[in-house]
Amino acid sequence: MHFQWYPGHMTKAKRQMQEDMKLIDLVIELVDARIPLGSRNPDIDELGRNKARLILMNKADLADERQTESWMAYFREKGYFAVRLDARSKSGMKAIGAEIMKACQEKIERDRKRGIKNRPVRAMVVGIPNVGKSTFINTYAGKACAKTGNKPGVTKGKQWIKLNKNVELLDTPGILWPKFEDQQVGLHLALIGSIKDEILNMDELSLELIRILKEKYPGVLGERYGVEEGQDAPEILLSVAKKRNCLKKGNELDYGKAAALLLDEFRSGSLGRISLEFPEEGL
Ligand code: G4P
């Protein structure tokens, strides 16, 4: 699988994150609710050990609600705090404030015992590219938040966003790479649009999507495109091209157009709320 990451990038990103980890109490990790494991970085648990951990299941507006619910239970069982989120909307943000405090309860308690009062929790946002880190920081922190840099006790050059009297957020998110060497993960990342479309075979990708939908979400293709789901994937793509009048010059059917349409409608949520990973399959 092609990706924009190179070993040099990865080493640098990891080293940067190791440094940043020294400054914080809480790791706020964004994952994509449609592929909660595939959108994680394999090293994050090691990097974030001994820190409070909050997982935000972002883009939950696009994921299957039932699966998101199961994934949250899955993460909570493993000791993370977890919240579902649509980072573009302010409405989910209240729950996060409360969850941050819960996740940091131990640290707050420890401070209190040592006689340290009212030291804000310091947090950093991490995640793979395109998972919604900037959107989250913008929505959550907004423009009104004061930036506090270079003050005593704050490492030079680091900018902190004061979210409220209890929480400060490092203003630049940590970017890590996914497990893109895993074929299944690579496929899922491509389907949700996390890998540049120019380097992908879109026809092949749309056939994979058709196969997944047929198996996991029977009825979706039939309902949306009026196609017969009993056919195999290439025949379904052909039917979509016909039904949606995807034509080249000379009235020849255009598979490429149909493939792009299908992927677009999946990614935008027009096909409904669909998850690609299922906790019971234990990916
Ligand atoms: P990053 O910093 O982690 O790289 O991600 P970023 O915030 O840039 O978000 C990547 C894309 O995902 C953006 O779309 C953003 O609007 C979208 N996004 C972020 N959070 C959510 C969410 O909870 N739900 C949905 N449906 N989309 C979300 P874009 O196409 O790059 O830009 P635009 O469409 O916003 O212009």
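Bear in mind the structure is a predicted one, so any value in this text is a computation, not a measurement.

Thresholds applied
Residues numbered from 1 in each chain as written. Predicted model: local features only at pLDDT ≥ 70, side-chain atom pairs only at ≥ 80, totals over all residues. Heavy atoms only, no water. Helix = DSSP H or I, 4+ residues; strand = E, 2+ residues; numbered from the N terminus. Expected span 1.5 Å × (residues − 1). Buried < 20%, exposed > 50% of the residue type's maximum accessible area, 1.4 Å probe, protein only. Contact = heavy atoms within 4.5 Å. Polar contact = N/O pair within 3.5 Å; in protein donor to acceptor, adjacent residues only side chain to side chain. Pairing = 2+ DSSP bridges. Right-handed = clockwise from strand over helix to strand, strands pointing away. Salt bridge = Lys/Arg side-chain N within 4 Å of Asp/Glu carboxyl O. Axes fitted to C-alpha atoms, helices over the stretch in contact; angles between N-to-C directions. Parallel < 35°, antiparallel > 145°, perpendicular 65-115°, else oblique. Nonpolar A, V, L, I, M, F, W, Y, C, P; charged D, E, K, R; others polar. Domains from an automatic or database assignment. Buried area = accessible area lost by both parts, 1.4 Å probe.

1. Looking at helix α8 (residues 202–216)
The end-to-end C-alpha separation of α8 is 21 Å, in line with the 21 Å expected for 15 residues at 1.5 Å each. The complete set of buried residues in α8 reads Leu 205, Ser 206, Leu 207, Leu 209, Ile 210, Ile 212 and Leu 213. Where the residues of α8 are buried, they touch α7 (183–192), α9 (220–225), α10 (233–243) and α11 (255–267). A side-chain oxygen of the first residue of α8 lies 3.1 Å from the backbone nitrogen of Asp 203; this N-cap is Asn 201.

2. Structural notes on the pairing of strand β3 (residues 81–84)
In the sheet, strand β2 (residues 52–58) pairs with β3 via four bridges, with the strands oriented parallel. Across the sheet, residue Leu 56 finds its bridge partner in β3, namely Val 83. On the question of chirality, the crossover connecting β2 to the parallel β3 by way of helix α3 (residues 65–77) is right-handed.

3. Some details on the pattern of salt bridges
Opposite charge on two side chains lets them pair, provided their charged atoms get close. All told, the structure shown has 25 salt bridges when counted by the stated rule. Measuring nitrogen to oxygen at the nearest pair gives 3.2 Å for the salt bridge that ties Arg 53 to Glu 29. Residue Arg 53 is found in strand β2, and its partner Glu 29 is found in strand β1 (residues 26–32); the two are separated by 24 residues along the sequence. Take Arg 53: its relative accessible area is 10%, and that puts it in the buried class. Looking at Glu 29, the relative accessible area reads 3%, which means it is buried. Between Asp 32 and Arg 34 there is a salt bridge; the shortest N-O distance is 2.8 Å. What makes Asp 32 buried here is its relative accessible area of 2%. Given the relative accessible area of 3%, Arg 34 is considered buried. The network of salt bridges with common partners includes Asp 25, Lys 107, Asp 111 and Arg 119.

4. Topic: α7
Burial within α7 is extensive, with eight of its ten residues counted as buried. When we look at burial in α7, the residues that qualify are Val 185, Gly 186, Leu 187, His 188, Leu 189, Ala 190, Leu 191 and Ile 192. Where α7 is buried, its residues touch β1, α8 and α11. At the N-terminal end of α7, a side-chain oxygen is found 2.9 Å from the backbone nitrogen of Gln 184, two or three residues along, and the residue is Asp 182. Looking one or two places after α7, you find Gly 193, whose phi comes out positive at around 90°.

5. Quick notes on the packing of α10 against α11
Put simply, α10 and α11 touch, their axes get as near as 9 Å, and they point 95° apart. In terms of orientation, α10 and α11 fall into the roughly perpendicular class. Along its contact with α10, which presents Pro 234, Leu 237, Leu 238, Val 240 and Ala 241, the element α11 presents Tyr 255, Ala 258, Ala 259, Leu 261 and Leu 262. When its residues are assigned to classes, the contact of α10 with α11 shows ten nonpolar, no polar and no charged.

6. Considering the domain arrangement of the protein chain
According to the domain assignment, the protein chain contains domain 1 (10–170) and domain 2 (201–281). Here the C-alpha centroids of domain 1 and domain 2 sit 35 Å apart. Each partner contributes residues to the interface: domain 1 has 15 residues there, and domain 2 has 13 residues. The contact between domain 1 and domain 2 buries some 1100 Å² in all, and 49% of this surface belongs to carbon and sulfur atoms. The largest contributions to the domain 1 side of the interface with domain 2 come from Arg 34, Leu 62 and Gln 67, which together make up 45% of the buried area.

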